[in-house]
Structure formats: structure tokens, C-alpha cells
Amino acid sequence: MKLKKESSVLVIGQHLVSRTEAIRDYLLEKSYRPYVVSLASVFIDKKENYLLYYRDASSKKGCVLRHNILKRIKTRQIIVIATFLFYIWDIMCALIIFRRRFELYIGISHFFGLSGIFLKSLGICKKSIYYAIDYYLPPQGCGIFDAALVRISNFADKMAVIYSDEVWDISSRIADGRLKFSGIGKEFYAHKNRIVPLGY
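Report follows, based on the coordinates.

### Re the packing of helix α3 (residues 76-98) against helix α5 (residues 144-163)
Orientation of α3 relative to α5, taken along the N-to-C sense of each, is 25 degrees, at an axis distance of 11 Å. By the angle class used here, α3 and α5 are roughly parallel. Crossing hand, α3 versus α5: left-handed. Judged by residue contacts, Arg-76, Gln-77, Val-80 and Ile-81 of α3 engage Phe-145, Asp-146 and Leu-149 from α5. Split by residue class, the contact of α3 with α5 holds 4 nonpolar, 1 polar and 2 charged.

Given below as C-alpha cells:
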């Protein structure tokens, strides 16, 4: 996918535990203008959401949105649900702050890949890329909640693969998992698929 220099790119992913920083650095090196929404992982203890906007490699500004309510919740299931609701809220807040449309959207992981479909349908971004960094095997011997969470994640992956303009996989083994457990053959999306093994 070709972009002009200085094109605005919206990147949404998890903070530090995802590939958000690697994508950001790559875009800065290529002289694009990444608007980065970096959100805390649902599975780490420190619940801080980072809303960052990088204009170039030497200039950046950001604000931290702290959700102290999550620190008071003891039930893991409620924490997970609440965190994803906060993700939706923070994305909405970011779009209000950015106040612009984007040439390209890059969503890192299932949830944010799926988010790109909705943002494109709303006209907020022209093209969307789903960057898959995980694929979860069907759970065995775990609780109902965790089993449901994995199934929802894999369904989000399937929808993101079908409707995104491009699909980036961190490893070719992700395609193997999709074929085996979701029934999506590589030939279905090979024309828009790339292996992008970016690190930190």
C-alpha cells in the first residue's frame, strides 16, 4: 500500500506488550505522520492508558488517562470487560482530540483490527490494515469465561481478515491456525496478506 510522504496514519495497539512502538518508529523513519493511541494491556497490573500523538521523531505530546476504578475491582472477569469498554471510550476520546481523517489505519491485534473496520465505515480512515500478532488455540480445560474470550478473539480475527484492506501476520503460523480452527484458507486473503515480523 503506497502512501505519500507526510500522510496521516492512525495506529492503535497496546502499550509496550504489543508491536505499537515498532510500527510507530517505522512510520516516523519513513516520514509519515503517525497518530498513535497506545493503550494498557488488559492482562497487566498497571492500568494506565496512553494517548500519544507523534508529529515527527523529535516532537511528541501526549496525555495519560488513568482509570483508578480498575485498581479497586477484584474480579478478573469484570476487569477484562471494563478494560475493553475503556478501550472503546479512549479511542473515541482520541478521535475527538485528533479531529481529522486519516489516509491509513493500522490496528494491532484482534480487537483493534476489528475497530478499523468500523472506523473505515464511518469515513474516519480511507484504508485499514489488520496486524495480527497472536492467534489463540481453542481452549481446553479452562473456565467458561476464558473459553468465551478466546472464541470472541478468534471471531474478531476472522472478521478483521475478511474486511480489512490488508492483513499483516507476524508469523506464517498464524495462517495455519486460521485454516485449522476458523476455516479460512490462505488463498482467501493471500492477495492482501504479508508476513511482517517486526520486533521492538
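Next comes the rest of the description.
### Side note on the side chain of Asp-157
Considering the arrangement of structural elements, one finds Asp-157 in helix α5. Take Asp-157: its relative accessible area is 0%, and that puts it in the buried class. Beyond its immediate chain neighbours, meaning those up to four positions away, Asp-157 contacts His-110, Tyr-130, Ala-132, Tyr-135 and Arg-178.

### Details of a nonpolar patch on the surface
Among the surface-exposed residues, Ile-81, Leu-85, Ile-88 and Met-92 lie close enough to one another that they form a single nonpolar patch of about 390 Å² accessible area. Position of Ile-81 relative to the elements: it lies in helix α3. The exposure class of Ile-81 is partly exposed, given its relative accessible area of 48%.

### With respect to the pattern of salt bridges
Counting across every chain of the model gives 5 salt bridges. In this structure, the salt-bridge partner of Glu-103 is Lys-126, at a minimum N-O distance of 3.4 Å. Highlighted residues: Glu-103 in strand β5 (residues 102-108) and Lys-126 in strand β6 (residues 125-132), separated in sequence by 23 residues. Note on Lys-126: relative accessible area 54%, which makes it exposed. One salt bridge connects Arg-178 with Asp-157, and the closest N-O pair in it is separated by 2.8 Å. Residue Arg-178 is found in helix α6 (residues 173-181), and its partner Asp-157 is found in helix α5; the two are separated by 21 residues along the sequence. Comparing Arg-178 with Asp-157 shows no difference in burial state: the two are buried. Ionic contacts of the salt-bridge type, sharing partners, join the residues Asp-157, Asp-169 and Arg-178 into one network.

### Focus on the packing of aromatic side chains
Under the definition given, this model contains 9 aromatic pairs. Their ring planes at 50 degrees and their centres at 5.3 Å tell us that Tyr-87 and Phe-112 sit as a pair that is tilted. With Tyr-87 in helix α3 and Phe-112 in helix α4 (residues 110-121), this residue pair connects regions lying 25 residues apart in the sequence. No difference in accessibility class separates Tyr-87 from Phe-112, as the two residues are buried. Ring centres 6.2 Å apart and planes at 80 degrees place the aromatic pair Phe-98 and Phe-102 in the edge-to-face group. Note on Phe-102: relative accessible area 1%, which makes it buried. These aromatic residues form a ring-pair network of at least three members: Phe-84, Tyr-87, Phe-111 and Phe-112.

About the criteria used
Residues numbered from 1 in each chain as written. Predicted model: local features only at pLDDT ≥ 70, side-chain atom pairs only at ≥ 80, totals over all residues. Heavy atoms only, no water. Axes fitted to C-alpha atoms, helices over the stretch in contact; angles between N-to-C directions. Helix = DSSP H or I, 4+ residues; strand = E, 2+ residues; numbered from the N terminus. Parallel < 35°, antiparallel > 145°, perpendicular 65-115°, else oblique. Left-handed = near helix turned anticlockwise from the far one by under 90°. Contact = heavy atoms within 4.5 Å. Nonpolar A, V, L, I, M, F, W, Y, C, P; charged D, E, K, R; others polar. Buried < 20%, exposed > 50% of the residue type's maximum accessible area, 1.4 Å probe, protein only. Patch = residues over 30% accessible without salt bridge, like charges linked within 9 Å, V, L, I, M, F, W, Y side chains within 5 Å. Areas by Shrake-Rupley, 256 points an atom, 1.4 Å probe, with all protein chains shown as cover. Salt bridge = Lys/Arg side-chain N within 4 Å of Asp/Glu carboxyl O. Phe/Tyr/Trp six-rings, centres within 6.5 Å; stacked < 30°, edge-to-face > 60°.

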